Amino acid sequence: MAWTRKFLRVDLTNGTCKAEPLNMQWAQEYLGQRGLATKYFVEEVDPKVDPLAPENKLIMTTGPLTGTPVSTGGRYSVVTKGALTGAIACSNSGGYFGAELKFAGWDMIIFEGKSPKPVYLSIEDDKAELLDASHLWGKTVFQTEETIKKTHQDPQIRVSSIGRSGENGVMFACIVNDLHRAAGRSGVGTVMGSKNLKAVAVRGKNGSGGSVKDPKAFMAATQAAKKVLADNAVTGQGLPTYGTQVLMNVINEMGALPTRNHRDVQFEDARKISGEAMHEKRPTDGKTHLVTNAACFGCTIACGRISRIDETHFSVVNKPEYWGASGGLEYEAAWALGAANGVGDLEALQYVNVLCNEDGFDPITFGATVAAAMELYDLGILTKEQIGMEAPFGSAKALVELAQMTAQGIGFGKELGLGSARLCAKYGRPELSMGVKKQEFPAYDSRGIQGMGLGYATSNRGACHLRAYTVASEVLGIPVKTDPLVTEGKADLVKAFQDATSVFDSAGVCAFTTFAWSLADLQPQLDAACEGGWTMEKLALLGERIWNMERLFNNAAGFTAKDDDLPPRLKTEPAKTGPAKGLVNGIDKMRPEYYTARGWTPEGVPTKETLARLGL
Amino acid sequence: MQKSLHMDANKCTGCLQCEMACSYENYGVFNISKSRIKVFNFEHEGRKVPYTCTQCAEAWCMNACPVDAIRIDAGTGAKVVHEDVCVGCKVCTIACPFGTVNYVADSGKVQKCDLCGGDPACASACPTGAITYVDADWTGLDKMRQWAGKTDTQPRAAA
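Residues numbered from 1 in each chain as written. Chains lettered and ligands numbered in written order. Predicted model: local features only at pLDDT ≥ 70, side-chain atom pairs only at ≥ 80, totals over all residues. Heavy atoms only, no water.

(A) Spotlight on the overall build of chain A. A tally of helices and strands in chain A yields 25 helices and 17 strands. Over its C-alpha trace chain A gives a radius of gyration of 22 Å, about what one expects of a compact globule, namely 25 Å for 616 residues. In terms of overall dimensions, chain A has a C-alpha envelope of 60 × 55 × 45 Å along the principal axes. Within chain A, the fraction of its 616 residues that count as buried is 65%. Put simply, 69% of the contacts in chain A that link residues at least 6 apart link residues at least 24 apart. Accessible surface computed for chain A: about 19,400 Å², of which carbon and sulfur atoms make up 54%. Once the 66 positive and 69 negative side-chain charges of chain A are each reduced to a mean point, those two points are 1 Å apart. (Helix = DSSP H or I, 4+ residues; strand = E, 2+ residues; numbered from the N terminus. Rg over C-alpha atoms; globule rule 2.2 N^0.38 Å. Buried < 20%, exposed > 50% of the residue type's maximum accessible area, 1.4 Å probe, protein only. Contact = heavy atoms within 4.5 Å. Areas by Shrake-Rupley, 256 points an atom, 1.4 Å probe, with all protein chains shown as cover. Lys, Arg positive; Asp, Glu negative; His and termini not counted. Charge placed at Lys NZ, Arg CZ, Asp CG, Glu CD.)

(B) Up close: the sheet that holds strand E14 (residues 304-307) of chain A. All names here are of chain A. Here 3 strands make up an open sheet; going across it, the order is E13-E14-E15 and the pairing antiparallel. Since the sheet does not close on itself, it has two edges, and those belong to strand E13 (290-294) and strand E15 (326-327), each with one partner. Of the pairings in the sheet, the one linking E13 to E14 comprises 4 bridges and is antiparallel in character. Opposite Asn293, over in E14, you have Arg305 as the bridge partner. Contacting E13 and E14, helix H8 (residues 233-242) runs over the sheet at an angle of about 25° to E14. (Pairing = 2+ DSSP bridges. Axes fitted to C-alpha atoms, helices over the stretch in contact; angles between N-to-C directions.)

(C) Seen up close, the packing of helix H13 (residues 363-378) of chain A against helix H15 (residues 396-408) of chain A. Residues and elements named next belong to chain A. Two elements in contact, H13 and H15, have axes whose closest approach is 11 Å; the angle formed by their N-to-C orientations is 120°. As far as their axial angle goes, H15 and H13 are oblique. As for how H13 packs across H15, the hand of that crossing is right-handed. Residues Phe366, Val370 and Met374 of H13 form the contact with H15, whose own contacting residues are Ala398, Leu399, Leu402, Ala403 and Thr406. For the contact of H13 with H15, the per-class residue count stands at 7 nonpolar, 1 polar and no charged. (Parallel < 35°, antiparallel > 145°, perpendicular 65-115°, else oblique. Left-handed = near helix turned anticlockwise from the far one by under 90°. Nonpolar A, V, L, I, M, F, W, Y, C, P; charged D, E, K, R; others polar.)

(D) Layout of helix H22 (residues 536-557) of chain A. End to end, H22(A) covers 32 Å across 22 residues, agreeing with the expected 32 Å (1.5 Å per residue, within 8%). Within two residues after H22(A), Gly558(A) carries a phi angle of roughly 115°, on the positive side. (Expected span 1.5 Å × (residues − 1).)

(E) Region of interest: the packing of aromatic side chains. In the structure shown here, the tally under the stated rule is 19 aromatic pairs over all chains. Where Tyr322(A) meets Tyr351(A), the ring centres are 5.2 Å apart and the plane angle is 80°; that geometry is what we call edge-to-face. Residue Tyr322(A) is located in the loop between E14 and E15, and its partner Tyr351(A) is located in helix H12 (residues 346-359); the two are separated by 29 residues in the primary sequence. An identical accessibility class is assigned to Tyr322(A) and Tyr351(A); each is buried. Arranged with centres 5.6 Å apart and planes meeting at 90°, the rings of Tyr594(A) and Trp600(A) form a pair that is edge-to-face. Of the two residues, Tyr594(A) and Trp600(A), both sit in the buried class. Taken together, the aromatic side chains of Tyr331(A), Tyr444(A), Tyr469(A), Phe512(A) and Phe515(A) make up a single cluster linked through ring pairs. Sitting over the ring of Tyr27(B), Lys34(B) keeps its end group 5.6 Å from the ring centre. (Phe/Tyr/Trp six-rings, centres within 6.5 Å; stacked < 30°, edge-to-face > 60°. Lys NZ or Arg CZ within 6 Å of the ring centre and 35° of its normal.)

(F) Structural context of the interface of chain A and chain B. Taken together, the contact between chain A and chain B spans 38 residues of the former and 18 residues of the latter. Counting each side, the surface lost to burial between chain A and chain B is near 2,000 Å², with a carbon and sulfur contribution of 57%. Across the contact surface, chain A and chain B share 0 salt bridges. Between the two partners, chain A and chain B, sit 10 residue pairs in polar contact (both at pLDDT 80 or more). Secondary-structure elements contributing two or more residues to the side of chain A that touches chain B are helix H3 (97-103), helix H7 (215-231) and E13 of chain A. A per-element tally of the side of chain A that touches chain B places H7(A) first, with 5 residues. (Buried area = accessible area lost by both parts, 1.4 Å probe. Salt bridge = Lys/Arg side-chain N within 4 Å of Asp/Glu carboxyl O. Polar contact = N/O pair within 3.5 Å; in protein donor to acceptor, adjacent residues only side chain to side chain.)

(G) Focus on a nonpolar patch on the surface. Residue and element names in this part refer to chain B. Taken together, the side chains of Phe40, Phe42, Tyr51 and Phe98 make up a nonpolar region of the molecular surface, amounting to roughly 390 Å² of accessible area. Following the sequence through the fold, Phe40 ends up in strand E2 (residues 38-42). With relative accessibility at 44%, the residue Phe40 sits in the partly exposed group. (Patch = residues over 30% accessible without salt bridge, like charges linked within 9 Å, V, L, I, M, F, W, Y side chains within 5 Å.)

(H) Focus on the sheet that holds strand E6 (residues 108-112) of chain A. Residue and element names in this part refer to chain A. If you trace the 6 strands from one edge of the open sheet to the other, you get E2-E1-E6-E3-E4-E5, paired in mixed fashion. The open sheet has two free edges, formed respectively by strand E2 (16-21) and strand E5 (88-93), since each of these has just one partner strand. With direction set aside, neighbouring strand axes in the sheet form an average angle of 20°. Of the strand pairs in this sheet, strand E1 (residues 6-11) and E6 are connected by 4 bridges, and their pairing is parallel. Across the sheet, residue Arg9 finds its bridge partner in E6, namely Ile110.

(I) Spatial organisation of the packing of H22(A) against helix H24 (residues 587-598) of chain A. Residues and elements named next belong to chain A. For the pair H22 and H24, the least separation of the axes is 12 Å and the interaxial angle reads 120°. With respect to H24, the element H22 is oriented oblique. Residue-level contacts link Glu544, Trp547, Asn548 and Arg551 of H22 to Tyr594, Tyr595 and Arg598 of H24. Classifying every residue of the contact of H22 with H24 gives 3 nonpolar, 1 polar and 3 charged.

(J) How the structure looks around the state of the cysteines. What the rule picks out here adds up to 0 disulfides over all chains. Free of any disulfide, Cys510(A) has its nearest neighbouring cysteine sulfur in Cys303(A), separated by 6.4 Å. Of the cysteine sulfurs around Cys12(B), a residue in no disulfide, the closest is that of Cys18(B), at 6.5 Å. (Disulfide = S-S within 2.5 Å.)

(K) The arrangement of the pattern of salt bridges in detail. Residues and elements named next belong to chain A. Within this structure, the stated rule accounts for 58 salt bridges over all chains. A salt bridge links Glu401 to Lys397, with the shortest nitrogen-to-oxygen separation between them at 3.0 Å. Of the two residues, Glu401 and Lys397 both sit in helix H15, 4 residues apart, roughly one turn of that helix. What makes Glu401 partly exposed here is its relative accessible area of 26%. Measuring nitrogen to oxygen at the nearest pair gives 3.3 Å for the salt bridge that ties Lys426 to Glu415.

(L) Structural context of unusual backbone geometry. Note the cis peptide between Gly328(A) and Leu329(A), where omega equals -10°. Considering the arrangement of structural elements, one finds Leu329(A) in the loop between E15 and helix H11 (331-337). Here the amide bond leading from Ile478(A) into Pro479(A) is cis, since omega sits at -5°, within 30 degrees of zero. In this structure, Pro479(A) sits in the loop between helix H19 (471-474) and helix H20 (490-507). Even without glycine at this site, Ala302(A) takes up a positive phi of about 65°. Tracing the sequence through the fold places Ala302(A) in the loop between E13 and E14. Residue class for Ala302(A) comes out buried when judged on its relative accessible area of 3%. Despite not being glycine, Leu115(B) shows a phi value in the positive range, around 60°. Tracing the backbone shows Leu115(B) in the loop between strand E7 (109-111) and helix H4 (121-125).

(M) Local environment of the pairing of E2(B). Residue and element names in this part refer to chain B. Here 5 bridges tie E2 to strand E3 (residues 47-51), and the two strands are oriented antiparallel to one another. Looking at E3, one finds that Phe40 is bridged to Val49. In this antiparallel pair of consecutive strands, E2 and E3, the connection spans 4 residues, and Gly46 shows a positive phi of 65°.

Given below as C-alpha cells:
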C-alpha cells in the first residue's frame, strides 16, 4: 500500500488531533520512516531544543513498505531529539504496531507540545482522540496494554507505550509495543514521558489508505526477495535457529566481546549465556530455556526469541507472573546484562530482560551502566552504602536487584537511570563511561573489530551497531570479507554501510534483511510499490542525503568533531587476550579518512559542494 | 483427489503472511482484518496458532443457512458463501462449532474460507510450512509419523 499520503498531527498541549496531507515532494527525496520523519523533524524543531521541553517533538513513523507482504515489512520508527544523547534519535521497532498504524491509514504521527495531564492516543482508522490516562500512569507496559484492550473491548488493538521508567525520567526509557518489541535506544521513551503521553493504541481496519503502484510486479518482487532470505545461511538458518544470539560464541572467539566494562575482550562464561545454551535442557526442570522462535509482522526470518525462566531460579521464586513465556534473550541484551557485567547466569539475564520490557528501559544502556557502576564499586569510588548492596563484577544478585530498583525508580536505581555518562561524570570518572555522545556501546569491542569503532564514533544517534553494522563484513564476510584487525579501508566501508542502512531504515523493512539483501534486492520491491522511479542511483543518493541531514542537525545542536571519538580505554588500553591482543582502536587514523570520504571538512562539516550534490 | 488445509501450529512464527495473502486474494488489498484465516497468539505459552474453516463434511453452517447461500464447490469440496444470496442473518455463525464463519459489518454478509478455488493463497504464502494444502485422506499423517518415531524398536534381549 506504499504511502497512505496522510499523517496525524497531535497537539498535546491543546488536546487536538488533525489529519494533514503528506508532503509527496519530500517523500520522493526522503522515502519514508527514518528519512522522511527526520526531514519533518529538522524542518520543525530547533536543534538547540531541550529534549525534555514541550518544544521537542516526537514522531512515530512507518515506511512505504510497512504493512505490505514484503518480508519484515512491519517496521516503524520513533524520531525525536534523544533524551540520553541530545542528538537526533531514530529508534526502530518490529512487532505488529507499525503495520496496524498503516492499516488505520496513517504514514506517521507527529506529537508536539505537552499534555497538562496523562493521556493516551486512541486511533481507530480515521478516528483519533486523546483519552485520559490517569488510571494508566504508574502502570507497567504489560498492564497498560492489557487495560487498554479490555477498556476498548478489542483484543486486536496494537499498543505502544511507556512503562514506569518513561514516567520516572530514566534517561534511556524505551517505547515498547506488542509486549516485547521496543523502539529502544537514545531515550525516546523519556521524551514520550515528558509529554505526559502514556500510550498509543491503534486499530486499523481500513487497509485502504493508498495502494501499491504495480501489484503484480510487487508480488513477484517480494516472492523473489523472500527466496533470497530463505536461501541465505544467516537469514535462512542461523537467525531462525539461534536468533541474534548466534553471535555470542562467535564474537567471543574473535576477542571482541566487551567484558567487565571493556576491561576484557573475552568472557569466560560466554558459552553459558549463548544461543546454544538456550537450546540445552536445564538440570532443574528438564526444559530448555528457549520455548520457540517468533516473527514480527510480515517477517520470513523469525529471529525473535521466546523463553521461559526457570521457576526455581532465585530471581522469580514466588513470582508466578514471571513464569510464563516472554520475549528474549536477544544478543545485545544478553551481552549488556551478561558479559558487560561479568554475569554468566542465563536465567538472571532473562529475568532482567523481562523487567526491561515490562517497564520500558533499554537493556543495552542499562547493562552498560551497571557495568560502569560495578567498576566504580571495584575502584572504591562507589561504596556498598551508596549502592545499597555489594556490587562486584559477576554478581547476578546485584544485577537483579539493581534492575528492580531502576524499574521502580527507587534507591540507587535513580542514579542508574541517569545512564553511564552522567553517572560516571557525577562521581568524577567520566572516562569510565563506555560510549559515544552519552550513548553506551553495544556488544562489539572495537579493538577486535576496528570498523565498528569508526561506526560508533560517527553514528548520528550516539554509539550504535544499527547505523553501520560492519560486523557483517569484518566477521561474516557480507558482502565481502574485510580484516577486522586493520583500519585500512574502513572509512569507505563504514560510509557505505551507513548510507545503505539509511535506505533500509526509510523503507519499512528490518536491518536484518541486509545479511542477505543488498540495495539491488530492495530496489525492485520499492520500485513496484512506490511511484517515482526508484532506481539504484536514486536510492544511493537518498541514503547519503539522509545521513548528511542528520549530521547537519547534530552540528547545529552543538556537536563537533570532538564528539566523534571513543573513550580513552579503547584508544590506550590494548586488548589483553584473543586475536586482537595488543591492539587498540585506530579511530584517530580512521576519522580524517572518513571525513574525506564523506566530503566533509577536517572539522566534520559537510562542504558546500557535498550539500549541493545531495540537494541539501 | 480432495485436498485439505493442514495446520501445524508448531511451525507457525506469527508473521501473518497468510492473513495478508488471504485479504489480497479475496479483496485485492493488504488488510489482515479482512482475512478469513487468523493466527492467534497465546503470549504466555509462546504459542501461535493459525486457524480457519476445516470444510466439515457435514457442514452445520450450510445446513443452518435458511436461504441456501452456502453451497459445496464441486471441484474442491469447499463450502462457499454466495454473497448475492446471503442475507446476513448470522445463523451460520452460531451453527459453526469452531467460529470460522464470520460476519462482516461492511458488506452485511458472512465470510469464510473457500480454499481459493483449489490453490489456497495462505498455504502458498506461509514461509515455514505451518500451513500446507494436502491430500485430504492423509490429514494427520505428519502427527502419526511423529508418534511412530517414538515407538521403541530396540532389539529385545535374548530370552
